[in-house]
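# Fold and contact review
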Amino acid sequence: MKKSHIFGIVVIAAAIMVIISTAGDASIYVGFAEAKEMAHEGDSKKIHVVGQLKKDAQGEIVGIQDSPNKLAFSFILVDNNNEEQRVYFNEPMPADFLRSEQVVVVGNFQNDHFLASKILMKCPSKYQEETIEVNDV
Amino acid sequence: MHYFIGSLGHFLIIAAFVSALVSAYGYFRSVQSTEITDKDSWMRFARIAFWVHGGSAIGVVATLFTIINRGYFEYHYAYSHSSTVLPVYYQISAFWEGQEGSFLLWIFWNVILGFVLIRTNKFWEAPVMAIFAIVQGFLLSMILGVVLFNLKIGSSPFILLRDAMDAPIFKTSPDFIPEDGSGLNPLLQNYWMVIHPPTLFLGFATTLIPFAYCIAGLWLGKFKEWIRPALPWSLFSAVVLGVGILMGGYWAYETLNFGGYWNWDPVENAVYVPWLVLIAAIHTMIAFKKSTTALKSAIILAVSAFLLIVYSTFLTRSGILGDSSVHSFTDLGLSGQLLIYLLAFVLGTLFLIIRSWKKLESDEQEVSTYSREFWIFMGATVLCLMGFQVIIPTSIPVWNAILELVGVDSNMAPPVDQVGYYTQYQLWGGVLIALLSGTGQFFWWNKMDKTKLKDALLLPVVLTLAITAAVIILFKVQNINYILVLTAGTYSIIANAKILLDRWKTNINLSGGAISHIGIAMMLLGVLFSSGYSKIVSLNQTGLVWSKEFPDEVNQKNLLLFQNEDRQMGEYSLNYKGTRKRVEGFPGYVNIHDLRQVSETEAVALSNLKTKGNVVYSRGDTMTLITPETSYFEIEYTKGSSKFSLYPTVQINEKMNMTVFSPDIKRKLGFDLYTHVRTFPDPDQETEWSEVEEIITQLNEPFFVNDFVATLEKVQRVNDVEGLKLNESDVAIKATIKVKGAEQDFMAEPYYIIQNNQAGLKSAIVHDLGVKLTLMAIDPKNNAFSIGTSRTQKDWVILEAVEKPLINVLWIGTLIMVIGFVIAIFRRYTEFTKMKSKGLE
């Protein structure tokens, strides 16, 4: 066997390792029900939940609770299966949180609380306005 | 309504699009013609078409900028990215905030580069420019904004607001023009956002040049000749792209409060990977100049760099990363179009490579371990594997989409802790690169065998071990990974420095490689120390918790500072001096309580604003605010006899409902002291005052107000009271009270007013001390005055302070890398022009 062949095999092996490690370390997207189940079974792996902020009939966001000093907050997320869940986040509210159309929370259930370690937001159009403010026409 | 300018813009887009295609066709015909006269006339024709194209594209840029600059808010682009108060430099960032504008920026750079290539090439002009023009056609089609057979092609930046939005107002008054735009995202209101995108897009644009040369070479059967002209441009592209990426990191470091410069976000990864591949391509191109072995890999890597740029464009602009990235664009309905282009480019390139594959030379002989090619190959392979390791997880949303296409339900998500995940692998790549770049240089410049190698390596290895050992003891480096990075980085610097000294003795023009490698190794060390040893210094050692509701971590790692109260933080004494604003014409910062904001950009001075004894603004003057949304928290640091202040900021954008905290950084030689405010009292919240305590006093007699000594200095009748209309029969009496603060005196002026036979009291507040003073009664008989005092909680902030050691090594390393690249570009370009003047290229 030529040296270059050995080299090639090593490279391919490394590439396959990368793919395996990606599959192994990748997280998953689940709903709250499944996340809760996982926690009950003792699986403390952090997962992704995609959902929307809870809104009332007028389209106003409801259920946001700030800690007195705004260093932490919690909100109600409705996942894609329409299940509601209060999510706690130990950081100040992200800048464009209230504008977000869709929210992804990364975290897990701890004692029946969903504790998020990271929040990703998708805004109507990340950097674009979708509403017009009309002042005194 | 300014219809004309929008129509002009749209017309220019179409003109630029059509002329790009015409030019591509002309250049194509010129390449394919066999007759010299045909060749020349097609070339002239194509060149004119490209000039028209370039002119139109620049026209589009000018038109869109005019719309933003003049504030024509009937246009969607101006409305959604700009506002009347935006200064010109932020109008520039508003220009490329949107997808369409950023495509335009890319198009603009390609035009400029195209002009340069037309001027600098003879032989290569036609084939290279044919590819250039096709790519320009592709980019322009992304902003075409035309609907053909129900198919949306591109998104135009010149679309009117009423066509873009389904707002009810347009049903009743179609000609409605909003008075103001919705403004620029506060995160982008930063000077780095003015210069970082153009740099990055110039980097994007330049990756097209090696690609175009390579494709032209494959097309014409000049499989080897393309490398010489492509090499200086590849170097240029790599340095611009690299600097662009780092500028983005620097912006994040200065603006975002995650406390770092690199977050392994998919959008960041999407530019990092092409850069790695481009660097690998450059190395194989250089290796090819000495032997033919590297030709195939040079071709594959050079085209891959550009294709990866197109792929990253797809990733960031198709909306596919929407769930995994914090700053990717969302879908404009163009993902299909982007995907088609991506596939077309990939398949076209593959076709050309496969067609030429058999004709490509390669050495049959086995590469020796002692040859320079071997080391370059190893380096290029490691770079590619590093890129591979990043692109695979970054593409998880793509894998999901593909799996779904074939009917498999996939719910894979990106790794939870992306920083930790990528770092653990990239770290090893960094170590290998440092070792290879150190050792490989010896092979590059000398014919090596076993004994020579031993001689060459002895000194660097011994020096490395000595220095590393010292650093490990000094910095208490204990983590085995860090020790490895430290050793490899130090070795790379020393080995390359040795090579550099040799080059200086012979030919300084050849020192580019060694210098760049030193820069890269320094960057590696800078990254290691600044992130690995970043230390939170704002530890709460009072034993108190700031709030029971906070998680422990927040209570432990943050400091609560009350205004004008010292608190010890490590070796510093910290004092929060209050909130500040900045106004035009006044050096430094203005106390927020010394002004009253009267409009979006203007404020009135409430007292005389002095600097070095000179009054810059007198009470009642109107001042223009600099960045009116931003407030600065003055935090004074005292250490021994030295003092300095940091001004972390909060930017409150009410229109967008955004509150953005940004850090301020004290740069020291050994480390950066990084401070940002986590939270502060809600400015809209009503102040709660304690019950009024009444004090009877006389003129010039000291009394206590909330532990501060105060004196009633003057009581006089006045004719004017701010904000009140007085009639002749009314009486207004002003008391002037001096309150002695710890460092300065404050004047409070409460009023006693009798208007329409009714007594009114107008209190005065000294915000900095949290006290309110009221002139409650006057007793002329005893010459006594009754003063009411009440207190409130003092202003406070909760801040986090972090020390980032040796971060300057990262920035200095960057600079050194750039210098190395510039030397190398100069050398390679000279080679190219020499060949060109011989009529060869």
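Residues numbered from 1 in each chain as written. Chains lettered and ligands numbered in written order. Predicted model: local features only at pLDDT ≥ 70, side-chain atom pairs only at ≥ 80, totals over all residues. Heavy atoms only, no water.

As recorded by an unreviewed UniProt entry, chain B carries the name Cytochrome c biogenesis protein CcsA and is attributed to Reichenbachiella agarivorans. Under the UniProt heading Sequence similarities (unreviewed entry), the note attached to chain B is "Belongs to the CcmF/CycK/Ccl1/NrfE/CcsA family." (UniProt positions renumbered as here; feature names shortened; annotations may be inferred.)

Taking an unreviewed UniProt entry as the reference, chain A is identified by name as Cytochrome c maturation protein CcmE belonging to Reichenbachiella agarivorans. The UniProt entry for chain A carries this comment under Subcellular location (unreviewed entry): "Membrane".

Residues and elements named next belong to chain B. Residues Leu339, Leu343, Leu347, Leu350 and Ile354 make up a contiguous nonpolar surface patch of about 480 Å² in total accessible area. Relative to the helices and strands, Leu350 is located in helix 14 (residues 335-357). For Leu350, a relative accessible area of 42% translates into the label partly exposed. (Patch = residues over 30% accessible without salt bridge, like charges linked within 9 Å, V, L, I, M, F, W, Y side chains within 5 Å. Areas by Shrake-Rupley, 256 points an atom, 1.4 Å probe, with all protein chains shown as cover. Salt bridge = Lys/Arg side-chain N within 4 Å of Asp/Glu carboxyl O. Helix = DSSP H or I, 4+ residues; strand = E, 2+ residues; numbered from the N terminus. Buried < 20%, exposed > 50% of the residue type's maximum accessible area, 1.4 Å probe, protein only.)

What follows covers a negative patch on the surface. All names here are of chain A. Taken together, the side chains of Glu34, Glu37, Glu41 and Asp43 present a region of like negative charge at the surface. Relative to the helices and strands, Glu41 resides in the loop between helix 2 (32-40) and strand 2 (47-53). Residue Glu41 is classed as exposed on the basis of its relative accessible area, which comes to 63%. (Lys, Arg positive; Asp, Glu negative; His and termini not counted. Charge placed at Lys NZ, Arg CZ, Asp CG, Glu CD.)

This part is about the packing of helix 5 (residues 99-120) of chain B against helix 6 (residues 125-141) of chain B. All names here are of chain B. Interhelical geometry of helix 5 versus helix 6 gives an angle of 165° and a closest axis separation of 10 Å. The angle between the axes of helix 5 and helix 6 places the two elements in the roughly antiparallel class. Taken as a pair, helix 5 and helix 6 cross one another with a handedness that is left-handed. Two secondary-structure elements touch here, helix 5 through Phe103, Trp106, Ile107, Asn110, Val111, Leu113, Gly114, Leu117 and Ile118 and helix 6 through Glu125, Val128, Met129, Phe132, Val135, Gln136, Leu139 and Leu140. Each residue belonging to the contact of helix 5 with helix 6 can be placed in one class, and the counts come to 13 nonpolar, three polar and one charged. (Axes fitted to C-alpha atoms, helices over the stretch in contact; angles between N-to-C directions. Parallel < 35°, antiparallel > 145°, perpendicular 65-115°, else oblique. Left-handed = near helix turned anticlockwise from the far one by under 90°. Contact = heavy atoms within 4.5 Å. Nonpolar A, V, L, I, M, F, W, Y, C, P; charged D, E, K, R; others polar.)

Okay, the packing of helix 18 (residues 450-475) of chain B against helix 19 (residues 480-506) of chain B next. All names here are of chain B. The geometry of helix 18 relative to helix 19 is characterised by a closest axis approach of 9 Å and an angle of 140° between their N-to-C directions. Taken together, helix 18 and helix 19 sit at an angle that is classed as oblique. In this structure, the crossing between helix 18 and helix 19 has a hand that is right-handed. Residues Ala456, Leu457, Leu459, Pro460, Val461, Leu463, Thr464, Ile467, Thr468, Val471 and Ile472 of helix 18 form the contact with helix 19, whose own contacting residues are Ile483, Leu486, Thr487, Thr490, Tyr491, Ile494, Ala495 and Lys498. Class assignment for the residues of the contact of helix 18 with helix 19 results in 14 nonpolar, four polar and one charged.

The next subject is the side chain of Thr349 of chain B. Residues and elements named next belong to chain B. Its location among the elements puts Thr349 in helix 14. Of the polar contacts made by the side chain of Thr349, one reaches the backbone oxygen of Phe345; its length is 2.6 Å. Thr349 has contacts with Phe211, Ile215, Val303 and Leu307, leaving out every residue within four places of it along the chain. (Polar contact = N/O pair within 3.5 Å; in protein donor to acceptor, adjacent residues only side chain to side chain.)

Right, let's talk about the pattern of salt bridges for a bit. Residues and elements named next belong to chain B. All told, the structure shown has 16 salt bridges over all chains when counted by the stated rule. A salt bridge links Arg678 to Glu800; its shortest N-O distance comes to 3.5 Å. Of this pair, Arg678 sits in strand 19 (residues 671-679) while Glu800 sits in strand 30 (residues 796-805), and the two are 122 residues apart along the sequence. Among the residues examined, Arg678 registers a relative accessible area of 9% and is labelled buried. Under the relative-accessibility criterion, Glu800 is labelled buried at 13%. Between Asp745 and Lys738 there is a salt bridge, with the nearest N and O atoms lying 4.0 Å from each other. For Asp745, a relative accessible area of 37% corresponds to the partly exposed category. Lys738 gets classed as partly exposed once you look at its relative accessible area, which sits at 23%. Through salt bridges with shared partners, a single ionic network connects Arg619, Lys734 and Glu749.

Among the secondary structure elements, Val106 of chain A is positioned in strand 6 (residues 102-110). By relative accessible area, Val106 of chain A is classed as buried at 0%. As a C-alpha pair, Val106 of chain A and Asp25 of chain A span 81 residues in sequence and 14 Å in three-dimensional space. Not counting residues within four places of it along the chain, the set of residues in contact with Val106 of chain A comprises Ile47, His48, Leu115, Ala116, Ser117 and Lys118 of chain A together with Val416 of chain B.

On to the pairing of strand 26 (residues 758-762) of chain B, then. Regular strands show a simple pattern: their side chains alternate between the two faces of the sheet. Residue and element names in this part refer to chain B. Where strand 25 (residues 751-755) meets strand 26, five bridges bridge the pair, whose relative direction is antiparallel. Each bridged residue has a counterpart across the sheet, and for Ile753 the counterpart in strand 26 is Gly760. In sequence, strand 25 turns back onto strand 26 through a hairpin of two residues, with Asn756 there showing a positive phi of about 50°. (Pairing = 2+ DSSP bridges.)

Attention shifts here to the packing of aromatic side chains. The tally for this structure, following the rule as stated, stands at 53 aromatic pairs over all chains. For the ring pair Phe32 of chain A and Phe109 of chain A, a centre distance of 6.4 Å and an interplane angle of 75° mean the geometry is edge-to-face. Highlighted residues: Phe32 of chain A in helix 2 and Phe109 of chain A in strand 6, separated in sequence by 77 residues. With relative accessibility at 9%, the residue Phe109 of chain A sits in the buried group. For the pair Trp106 of chain B and Phe201 of chain B, a centre-to-centre distance of 6.2 Å together with 55° between the ring planes defines the contact as tilted. Residue Trp106 of chain B is located in helix 5, and its partner Phe201 of chain B is located in helix 9 (residues 191-206); the two are separated by 95 residues in the primary sequence. In this structure, Trp106 of chain B and Phe201 of chain B share a single accessibility class: buried. Here the guanidinium or amino end of Arg317 of chain B rests over the ring plane of Phe103 of chain B, the centre of that ring lying 4.2 Å away. (Phe/Tyr/Trp six-rings, centres within 6.5 Å; stacked < 30°, edge-to-face > 60°. Lys NZ or Arg CZ within 6 Å of the ring centre and 35° of its normal.)

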